[in-house]
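Chain by chain, the residues:
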Amino acid sequence: MAHSKFSFTGVIKYFTLLIGVFVVLFPPYVVIVNAFKSTDEFNSSSSMALPNSFLNFDNFIAVFQRGGLLNGFGNVLIIIAITLILNILFGTMVAFVLGRFSFKLKPVVFGAYLIATIIPSITTQVATFGIIKSMGLYNTLGAPIVLYIGADVIQIILYLQFIRNIPVDLDESAMVEGASLFRIYRTIIFPLLTPATATLIILKTISIYNDMYIPYLYMPKQSLGVVTTILMRFQGVNSGEWNLICAAILLILLPTVILYFFLQRYIFEGVTSGAVK
Amino acid sequence: MFGTLSYNKQKTIIIVSFLTIPLLLLATFTYYPALKLIYYSFTNWDGYSPEKPWVGLDNYREVFANPAIFKVFTHNFAYFAMGILQNIVAIYFAIVLNSKLKGKNAFRILLFLPYIMNGVAVAFMFGYVFDTTNGSLNMFLNSIGLTGLGQTSWLGTEGLVNYSLASTGFWRFMGYNMVIYIASLQAIPNDIYEASKIDGAGPFQTLWRITLPNMKPVIQLNLFLTVTGALEVFDLPFVLTKGGPAGASETYVQKVVDTAFAYNNYGLASAMSIILLFFVVIVLLIQQLVLSRGGDK
């Protein structure tokens, strides 16, 4: 207690913060305690009571066996890996061109990305669906990949901020050495964008992992489930068995929550640098 | 070989080759569908037959004449109301967490936590929390003595279901808004506060005259996202209630998706989408108007 000055506003502050934390943690708490209960125990105990043992993994095993969750994790990982590689490539390329060169159509290109964000993507799915089908990507992992790889305006703004901080002298001295512009992109700009890329990888991974709509609509095939669609199917089949569903929810929440606690600094950075300014 | 070209030529090649694929993607998956959508909205295409009969403005007339379609917008209102409340709470917590406080970081990390959680998992989690008989919300209310409230069917009562669903959105996104507000607070230079302190400003004066005006652009941005988010709600009711009970929680986008994919009425669904797009643009325009009148910010 460095300064134990007891002030009224201080009490209010902590009180409201604690309420906030309680509200945030209450639903996950309920899911955690019930995921470890056997069906009998679940039926006889209060939904807020602690389980007899936190070592009862039967529900989790059942989820893996019945739900095909492993397959779902596999599919979503493939989608994330391929998407990230292409998305980062395209994102840095667009940002390099917009950040380093001036040309007539530059405002048009930037404007096109800007306007794209106000088009509600769910509503254009009606037409996108036809395109995906005609490309032969319906019910393949290619469908979500092509829909995710495009750079968005927030990504471009994020990269542009970093590019502006890379001194142009660096490019110029490379040019004096006779380096081509492509070489400048590859050996100077791209590596110096790594911090932004790292942040993007985290944010993009979380958003693809959490997306429900695109996999639901474009990959209804059983074997192509990702974690979200598998959870939806699983809930549909086991709708009464809340202890099992809680285990499934927990298994799906866990990876991102762990990632979050390790990388929260970069996540905050990415969220704020995209949105503020 | 490439390196021997003049930098001007290289520049042209780089611009063209670096932009081709990204712009092609943007055109294929954003602009082309949007244009297609406009075209479909003038037909009564069913989604699969080869011919797309032109019907002119009939679909638009139908949307405006059919009260059942527009009525669902009233369901979206709950999300709008909750969104406003969410922003107020987020600003409050942002200001609190930007002041001198122990454990600031821990609070910030915990309050942001829901944002990174999987939406479908969160929806089911709340499905369980809101459950009438097994649900932990009612159990909790009973345990603190609010037995009257503890019998409520949160997702089964018509007037309530949208607020229950919207509160799930509140739970998920409050921390996101808060973090953005914190960032905008940290961008306010400290000497303004010091100067106002010297001038004898109280805490509320500081809040009204310095903090909030300086946050204005970010508040505007978040309000835009709140309004458009409220117009475009889809996943929560889709996953949790399937629009029930008796269509009481059906949202506009859900109706669009159903009209297209369940009733095979692509033409009408497209017209509904275009109308939604118009609303979004109108919100944006109003905001720009208000923004530009509010000074040179």
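So, a few notes on the structure that sits alongside this text. For every chain, the first residue of the written sequence is number 1, and numbering continues from 1 onward in sequence order. Each chain takes a letter, starting from A, and each ligand takes a number, starting from 1, following the order in which they are written. pLDDT decides what is reported in this predicted model: residues at 70 or higher carry local features, side-chain atom pairs at 80 or more are listed and counted, and totals for whole chains, interfaces and linings draw on all residues regardless. Here the side-chain values reflect all heavy atoms present in the structure, with hydrogen atoms and water set aside.

1. Some details on the overall build of chain B
Each helix corresponds to a stretch of at least 4 residues labelled H or I by DSSP, and each strand to a stretch of at least 2 residues labelled E; elements are numbered beginning at the N terminus. For chain B, the helix and strand inventory stands at 12 helices and 0 strands. Start at the N end of chain B and walk to the C end: the helices and strands fall as α-α-α-α-α-α-α-α-α-α-α-α. We compute the radius of gyration from the C-alpha atoms alone; for a globule the expected value is 2.2 Å times N to the 0.38, where N is the number of residues. Here chain B has a C-alpha radius of gyration of 25 Å; the compact-globule value for 297 residues is 19 Å, and the former is much larger. On the principal axes, the C-alpha backbone points of chain B span a range of 75 × 70 × 40 Å. Residues counted as buried form 49% of the 297 residues belonging to chain B. Taking the contacts inside chain B whose residues are at least 6 apart along the sequence as the reference set, 64% of them involve residues at least 24 apart. To be clear on the numbers: accessible area is Shrake-Rupley with a 1.4 Å probe, and residue cover counts the displayed protein chains and nothing else. For chain B, the exposed area adds up to about 14200 Å²; of that, 66% sits on carbon and sulfur atoms. Only four residue types enter the charge count, namely Lys and Arg as positive and Asp and Glu as negative; His and the chain termini do not. To locate a charge, take NZ of a lysine, CZ of an arginine, CG of an aspartate or CD of a glutamate. Taken as two groups, the 18 positive and 14 negative side-chain charges of chain B have centres that lie 12 Å from each other. Exposure is judged per residue with a 1.4 Å probe applied to protein chains only, and the accessible area is read against the type maximum: over 50% gives exposed, under 20% gives buried, and values in between give partly exposed. Working rule for contacts: check all heavy atoms of both residues, and any pair within 4.5 Å makes them a contact.

2. A look at the packing of aromatic side chains
Pairing of aromatic side chains here covers Phe, Tyr and the six-membered ring of Trp, requires ring centres within 6.5 Å, and sorts the geometry by plane angle: under 30 degrees stacked, over 60 edge-to-face, intermediate tilted. This structure, assessed with the given rule, holds 48 aromatic pairs over all chains. Aromatic pair Phe42(B) and Trp54(B): ring centres 5.4 Å apart, planes at 25 degrees, arrangement stacked. With Phe42(B) in the loop between α1 (7-40) and α2 (58-65) and Trp54(B) in the loop between α1 and α2, this residue pair connects regions lying 12 residues apart in the sequence. Every member of this aromatic cluster is reached through a ring pair, and the members are Phe129(A), Tyr138(A), Tyr218(A), Tyr39(B), Tyr40(B), Phe42(B), Trp45(B), Trp54(B), Tyr60(B), Phe261(B) and Tyr266(B). In this structure, Lys133(A) is placed above the aromatic ring of Tyr138(A), and the distance from its NZ or CZ to the ring centre is 5.0 Å. In this scheme, Lys NZ or Arg CZ marks a charge over a ring once it lies within 6 Å of the ring centre and within 35 degrees of the ring normal. A cation over an aromatic ring shows up here: Arg265(A) above the ring of Tyr266(A), its NZ or CZ 5.0 Å from the ring centre.

3. Looking at the packing of helix α5 (residues 106-116) of chain A against helix α8 (residues 153-165) of chain A
Residue and element names in this part refer to chain A. Between N-to-C directions, angles span 0 to 180 degrees; the directions come from axes that are lines fitted to C-alpha atoms, helices contributing only their stretch in contact. The geometry of α5 relative to α8 is characterised by a closest axis approach of 8 Å and an angle of 135 degrees between their N-to-C directions. As the angle between them shows, α5 and α8 are arranged oblique. Of the residues in α8, those in contact with Phe110, Tyr113 and Leu114 of α5 are Val153, Ile156, Ile157 and Leu160. Put simply, Ala, Val, Leu, Ile, Met, Phe, Trp, Tyr, Cys and Pro go in the nonpolar bin, Asp, Glu, Lys and Arg in the charged bin, and everything else, Gly too, in the polar bin. Among the residues forming the contact of α5 with α8, the class breakdown is 7 nonpolar, no polar and no charged. Angles are sorted into four bins: roughly parallel if under 35 degrees, roughly antiparallel if over 145, roughly perpendicular if 65 to 115, and oblique for all others.

4. Things to note about empty space enclosed by the protein
Buried and open spaces are told apart on a 1 Å grid over the protein atoms alone, a cavity being a set of points where a 1.4 Å probe fits but cannot get out and a pocket being an open set with protein on both sides within 12 Å along at least five of seven lines. Residues with an atom within 4 Å of a point are the lining residues. Grid points are joined across faces, edges and corners, and a volume is the space filled by probe spheres set on the points. Counted according to the given criterion, the structure contains 1 cavity of 30 Å³ or more. For the largest cavity, the calculated volume is near 40 Å³. Lining the largest cavity are Met212(A), Gly119(B), Val120(B), Ala123(B), Arg172(B), Asp235(B), Leu236(B) and Val239(B). For the lining of the largest cavity, the elements supplying multiple residues, two or more each, are α5 (119-130) and α10 (235-240) of chain B. Residues of the lining of the largest cavity, tallied by class, amount to 5 nonpolar, 1 polar and 2 charged.

5. A look at the pattern of salt bridges
All names here are of chain A. For this document, the term salt bridge refers to a Lys or Arg side-chain nitrogen within 4 Å of an Asp or Glu carboxyl oxygen. Counted under the stated rule, the structure contains 4 salt bridges over all chains. In this structure, the salt-bridge partner of Arg66 is Glu241, at a minimum N-O distance of 3.9 Å. Taken as a pair, Arg66 in helix α3 (residues 58-67) and Glu241 in the loop between α13 (227-237) and α14 (242-275) lie far apart in primary sequence, 175 residues in all. Between Asp171 and Arg100 there is a salt bridge, with its nearest N and O atoms 2.6 Å apart. Residue Asp171 is found in helix α9 (residues 168-176), and its partner Arg100 is found in helix α4 (residues 69-100); the two are separated by 71 residues along the sequence. Arg100 gets classed as buried once you look at its relative accessible area, which sits at 17%.

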